[in-house]
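Here is what each chain is made of, one letter per residue.
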2 protein chains.
Amino acid sequence: MQSQKKIAVVGAGLVGSLLAIYLKRAGHRVDVYDRSPDIRTVEFSGRSINLVMSDRGWKALENLGLEQEIKKIGIPVDKRAIHLGSESLNYQYYGKEGEAIFSLSRGILNRKMIDLAEAEGVKFIFESKIWDVTLSTATLHEGETERGEWHDLDYDIVFGADGAFSRVRHRMQRQSMFDYSQDFLKIGYKELHIPANADGTHKLDKNSLHIWPRGEFMLMALANLNGSFTCTLFMPHEGLNSFEQLKDQETLEAFFAKHFPDTKEVIPNLVQDFFKNPTSYLVTMRCYPWAFKDKVALIGDACHAIVPFYGHGMNAGFEDITVLVEMMEKYGDDWETIFDEYQKSRKPNADAIAELSYRNFMEMSSKTADEKFHLQKKIEKWFAAKHPEKWKPLYSRVTFSHQPYSEALAEGDKQNAIMQEILAIDNIEQIWDTEPIEHRILELLK
Amino acid sequence: MQSQKKIAVVGAGLVGSLLAIYLKRAGHRVDVYDRSPDIRTVEFSGRSINLVMSDRGWKALENLGLEQEIKKIGIPVDKRAIHLGSESLNYQYYGKEGEAIFSLSRGILNRKMIDLAEAEGVKFIFESKIWDVTLSTATLHEGETERGEWHDLDYDIVFGADGAFSRVRHRMQRQSMFDYSQDFLKIGYKELHIPANADGTHKLDKNSLHIWPRGEFMLMALANLNGSFTCTLFMPHEGLNSFEQLKDQETLEAFFAKHFPDTKEVIPNLVQDFFKNPTSYLVTMRCYPWAFKDKVALIGDACHAIVPFYGHGMNAGFEDITVLVEMMEKYGDDWETIFDEYQKSRKPNADAIAELSYRNFMEMSSKTADEKFHLQKKIEKWFAAKHPEKWKPLYSRVTFSHQPYSEALAEGDKQNAIMQEILAIDNIEQIWDTEPIEHRILELLK
């Protein structure tokens, strides 16, 4: 059992709220600060990609007994539904039967997490802007504006769960020996909307992640509980087929008619939504270290912001919490060691999921429409069914397991090299499910 | 000829001062701001690696007719003097006969550059702290402290020449689509000092860059005009043979006696200097873009801070100026195009010199003590003499040419691959200067 500390969590997002529950249960006094109004009292903003919860996320909830509560507000998604040019739909299952990720509305989940944390006795302070932190004393500096009057808030420990543009990290960044990078994708995104049918049912299969892969750009859709879908259009900011090009109603409608003809009926407010909703940016942010002595630590997007193409931003953040809590149980009151072991354990895995997420844009936007890729997936699934102990597909390792991301990435690269050899075999389309191929894969695995 | 603009340069370092001269001569009103006191009125700080000027730097001075003036305060250095464990010295010439880099004291050069700029009519404002800039209007925000009162300074154009920790860049960094990274080396450095002999002569050969290569760490020394040498000890911050280990006089003296025995007589104030001078950090900083519309541009270390192992920090910054001025001559009053063409031209070259500089630590600290490396250099020199049109060594490309850094890097990699093949030939030590080897190289070059 740890001695009670006075702890501040900056950021009342998903990771901040869940972390607060864990800290509270560990016996600490916990205050959570957020610069925005209480999300339970405001309408959602129209710039959120729906999120998916998978095994890593569930584990962090399970340990607190909150899993079932959250499952109620999610929709299981067990496959991709690929919308090719014509009317035809192609389904790609994510894992074995019964394996699914869960589509959740970020806003609804966030409200729920804050409710749960409050019920535990966590104190939330909304519309409170933390501009800076004094690392050596775990003091927050709060005020109305960046250049105005500030006042000090003293804590024993501060967690920066304040997202990709973290002010807590911003202070750490000014220290010597702090490595940092931010890389923007040329791809941006915009939220669109598929409303429910009049009877409240979904217009598309709700248990699929829908993708319209078009190479340099793609549209995707994830179901909400109320019968609607949240859609996200990913495309380059500039150049051919870019947000820059879609300047007026006419161009926009022609573009959708050409590339996404089957969305015409299901996205009735295309023009209005498109020009009302902001075009958002995608950034990969890496940094190190994540902690300052026994005083301040970063968690979630604040120390590893990734692009959304693997659906693992929240899952990786929740896994940070699982590991942090393990270290708390192991090292008791030695917070310096807790933070140090936490960051050492998580950093290589954060780098790995960043890389996997970056690569997955290509998989989603191009490869899902590619014959060879379909064949590869088929062969992998067939071989994995025969030799489950020898082959677990990369997606399953990442999504339906707790294997460290860094190991999943390394083994995925090995598997992919093997599959490239297999796909290069003459006539592979005809003989992919034969004994010689099975033996060849077994040989290559040695 | 351009229309007159009111231009602010933030940073009165080497790049800022030289840029100011060019801008003034182009007909503009030029104010230079620096947060430090006038360097002409203060003692130097003891944390500066001596710098070396080579062809790229000279070109920027030559265009203004300032080359001869500066050569007077420099010392030509045409070779490395490698101090191995014993008394033996090994010389490695940098280039062909007559080719040399020039050792210059950063402080003395900076004073001179400010004198020259003032003589041209540039206005310097020292002890003036620029904390922020409004990009869209080229307005500087100046004040005593970061959180205190600021006042505004309006310009047509602002240049950020304010170094690796640039405040101008700091503002640009908060924009979407601004890529940024900072990576600290595990190696730090500390300045030491070899005084002149009583008669004012140098204690070591002044026309050599002296290196004591010891693998993970090294000592180097560059001559000053007054008979002294500025020494720099590079070593890891932590671990075996690190700054962290050298905590007291006894450990320090034992360390130097063991690794640098021949410095005992020439560095008389070792203990005092070591504990008085700070241990400094080395960082590689990359970013993009470098400009905001036609209003603000970064130059020198502010947009590409590199580690000092190739001696090209200033040279790369001066080459930025050369390219910028070319664009000014080409595009007249179209500053947006000037800035855009400037950044597009310089970015790949800044990345290349960053990479070359990073790699050169290994060359200086380890390879200079390696037999195979000596042989490689000998073979390259021998072959280059026979086929000067076919082989220019990498060091010469970088230092004694104006070939873009990115091309130099690419060709250097090709040459190195060839040399690795040659060095792997049986008995190469005996046959390196024979006709078969010459033909083999010619063949590999095809």
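Remember, it's a predicted structure, so these values are computed and weren't measured experimentally.

(A) The relation of the copies chain B and chain A, seen in detail. You can overlay chain B on chain A at an RMSD of 0.0 Å; the transform is a turn of 180° with a shift of 0.1 Å along its axis. Taken together, the rotation angle and the small translation identify this as a two-fold axis. Considering only C-alpha atoms, the residue of chain B closest to the rotation axis is Ser-181 of chain B, which sits at 1.9 Å. Of all interface residues in chain B, 100% are interface residues in chain A too; the two copies therefore contact each other through one and the same surface.

(B) Structural view of the nonpolar core. Counting residues in hydrophobic clusters, the biggest one holds 154 residues, and the most contacted among them are Phe-159 and Phe-318 of chain A together with Phe-159 and Phe-318 of chain B. Each residue touching Phe-318 of chain B, except ones within four places of it in the same chain, is listed here: Leu-14, Val-15, Leu-18, Met-53, Arg-56, Gly-57, Ala-60, Leu-61 and Met-113 of chain B.

(C) Structural detail: the sheet that holds strand β7 (residues 101-104) of chain B. All names here are of chain B. The strand order β3-β7-β4 describes an open sheet built from three strands, whose pairing is antiparallel. Unpaired on one side and paired on the other, β3 (51-53) and β4 (75-77) mark the two borders of the sheet. In this sheet, adjacent strand axes meet at a mean angle of 40° when their direction is disregarded. Here three bridges tie β3 to β7, and the two strands are oriented antiparallel to one another. Of the residues in β7, the one forming a bridge with Leu-51 is Leu-104.

(D) Just the environment of His-170 of chain B, in detail. Relative to the helices and strands, His-170 of chain B is located in helix α5 (residues 167-173). Classification of His-170 of chain B by relative accessible area gives buried; the value is 19%. Taking the C-alpha atoms as reference, His-170 of chain B lies 8.0 Å from Asp-132 of chain B; in sequence the two are 38 residues apart. Those residues in contact with His-170 of chain B, other than ones at most four positions away along the chain, are His-170 and Arg-174 of chain A.

(E) View of the packing of aromatic side chains. All names here are of chain A. Following the criterion strictly, the structure yields 45 aromatic pairs over all chains and no others. A centroid spacing of 5.6 Å and a plane angle of 85° characterise the contact between Phe-159 and Phe-339, whose relative ring orientation is edge-to-face. Remark: Phe-339 occurs in helix α9 (residues 335-365) and Phe-159 occurs in strand β12 (residues 157-160); sequence separation between them is 180 residues. In this pair, the class of Phe-159 matches that of Phe-339, namely buried. Measuring from centroid to centroid gives 5.2 Å for Phe-217 and Phe-255, while their planes differ by 45°, and the two rings are tilted.

(F) Structural detail: a nonpolar patch on the surface. Residue and element names in this part refer to chain A. Taken together, the side chains of Leu-89, Tyr-91 and Tyr-93 define a hydrophobic patch exposed on the protein surface, amounting to about 300 Å² of accessible area. Within the secondary structure layout, Leu-89 lies in strand β6 (residues 89-93). On the accessibility criterion, Leu-89 (37% relative accessible area) is partly exposed.

(G) Layout of the environment of Asp-413 of chain A. All names here are of chain A. Looking at the secondary structure, you find Asp-413 in helix α12 (residues 405-423). Residue Asp-413 is classed as partly exposed on the basis of its relative accessible area of 36%. Along the backbone, Asp-413 and Gly-227 are 186 residues apart, and their C-alpha atoms lie at a distance of 38 Å.

(H) Geometry of the pairing of strand β18 (residues 283-288) of chain A. Residues and elements named next belong to chain A. Taken together, the six bridges between strand β13 (residues 179-184) and β18 define a ladder with antiparallel strand orientation. Residue Tyr-180 lies in a different strand from β18, and its bridge partner there is Cys-287. Examined bridge by bridge, β18 and strand β21 (residues 304-305) share two bridges and lie antiparallel to one another. Of the residues in β21, the one forming a bridge with Arg-286 is His-304.

(I) Representation of the packing of helix α1 (residues 14-25) of chain B against helix α8 (residues 313-331) of chain B in the model. Residues and elements named next belong to chain B. Orientation of α1 relative to α8, taken along the N-to-C sense of each, is 20°, at an axis distance of 10 Å. Relative to α8, the element α1 is oriented roughly parallel. Read as a crossing pair, α1 and α8 show a hand that is right-handed. Residues Leu-14, Val-15, Leu-18, Leu-19, Tyr-22 and Leu-23 of α1 lie in contact with α8, whose contacting residues are Met-314, Gly-317, Phe-318, Ile-321, Leu-324, Val-325 and Met-328. In terms of residue class, the contact of α1 with α8 is built from twelve nonpolar, one polar and no charged.

(J) The interface of chain B and chain A, seen in detail. Contacts between the two partners involve 23 residues from chain B, matched on the other side by 23 residues from chain A. Surface buried jointly by chain B and chain A totals about 1,900 Å² across both partners, of which 44% is contributed by carbon and sulfur atoms. Across the contact surface, chain B and chain A share two salt bridges. Our count for the chain B to chain A interface comes out at 14 residue pairs in polar contact (both at pLDDT 80 or more). Among the elements that make up the side of chain B that touches chain A, the one with the highest residue count is strand β13 (residues 179-184) of chain B (six residues). Here the residues of the side of chain B that touches chain A sort into seven nonpolar, eight polar and eight charged.

(K) Expanded view of the pairing of strand β9 (residues 130-134) of chain A. All names here are of chain A. Where burial is concerned, most of β9 is hidden: four out of the five residues are buried. Pairing analysis gives four bridges linking β9 to strand β10 (residues 139-143), with the strands arranged antiparallel. In the strand pairing of β10, Asp-132 is matched with His-141. Turn length for the β9-β10 hairpin, with the two strands adjacent in sequence and antiparallel, is four residues, and the turn residue Ala-138 shows positive phi of about 55°.

(L) Representation of the side chain of His-210 of chain A within the structure. All names here are of chain A. The topology assignment puts His-210 in strand β15 (residues 208-213). At 2.8 Å, the side chain of His-210 and the side chain of His-83 are in polar contact. In contact with His-210, other than residues within four places in its own chain, are Ala-81, His-83, Leu-204, Asp-205, Leu-219, Met-220, Ala-221 and Phe-229.

(M) Local environment of the domain arrangement of chain A. Residues and elements named next belong to chain A. We note that the domain assignment places domain 1 (6-70 + 103-181 + 283-360) and domain 2 (370-445) within chain A. On a C-alpha basis, the centroid separation for the pair domain 1 and domain 2 is 36 Å. Between domain 1 and domain 2, the residue contacts involve 17 residues of the former and 14 residues of the latter. Both faces combined, the contact of domain 1 with domain 2 buries some 1,300 Å², and carbon together with sulfur accounts for 57% of it. Looking at the side of domain 1 facing domain 2, the largest losses of area belong to Asp-55, Arg-56 and Tyr-310, adding up to 41% of the total buried there. In this assembly, domain 1 and domain 2 are joined by one salt bridge. With a shortest N-O distance of 2.8 Å, Asp-413 and Arg-359 are connected by a salt bridge.

Cut-off values and rules
- Residues numbered from 1 in each chain as written.
- Chains lettered and ligands numbered in written order.
- Predicted model: local features only at pLDDT ≥ 70, side-chain atom pairs only at ≥ 80, totals over all residues.
- Heavy atoms only, no water.
- Least-squares fit on C-alpha atoms with pLDDT ≥ 70 in both.
- Contact = heavy atoms within 4.5 Å.
- Core = buried A, V, L, I, M, F, W, Y, C linked by side-chain atoms within 4.5 Å.
- Buried < 20%, exposed > 50% of the residue type's maximum accessible area, 1.4 Å probe, protein only.
- Pairing = 2+ DSSP bridges.
- Helix = DSSP H or I, 4+ residues; strand = E, 2+ residues; numbered from the N terminus.
- Axes fitted to C-alpha atoms, helices over the stretch in contact; angles between N-to-C directions.
- Phe/Tyr/Trp six-rings, centres within 6.5 Å; stacked < 30°, edge-to-face > 60°.
- Patch = residues over 30% accessible without salt bridge, like charges linked within 9 Å, V, L, I, M, F, W, Y side chains within 5 Å.
- Areas by Shrake-Rupley, 256 points an atom, 1.4 Å probe, with all protein chains shown as cover.
- Salt bridge = Lys/Arg side-chain N within 4 Å of Asp/Glu carboxyl O.
- Parallel < 35°, antiparallel > 145°, perpendicular 65-115°, else oblique.
- Left-handed = near helix turned anticlockwise from the far one by under 90°.
- Nonpolar A, V, L, I, M, F, W, Y, C, P; charged D, E, K, R; others polar.
- Buried area = accessible area lost by both parts, 1.4 Å probe.
- Polar contact = N/O pair within 3.5 Å; in protein donor to acceptor, adjacent residues only side chain to side chain.
- Domains from an automatic or database assignment.

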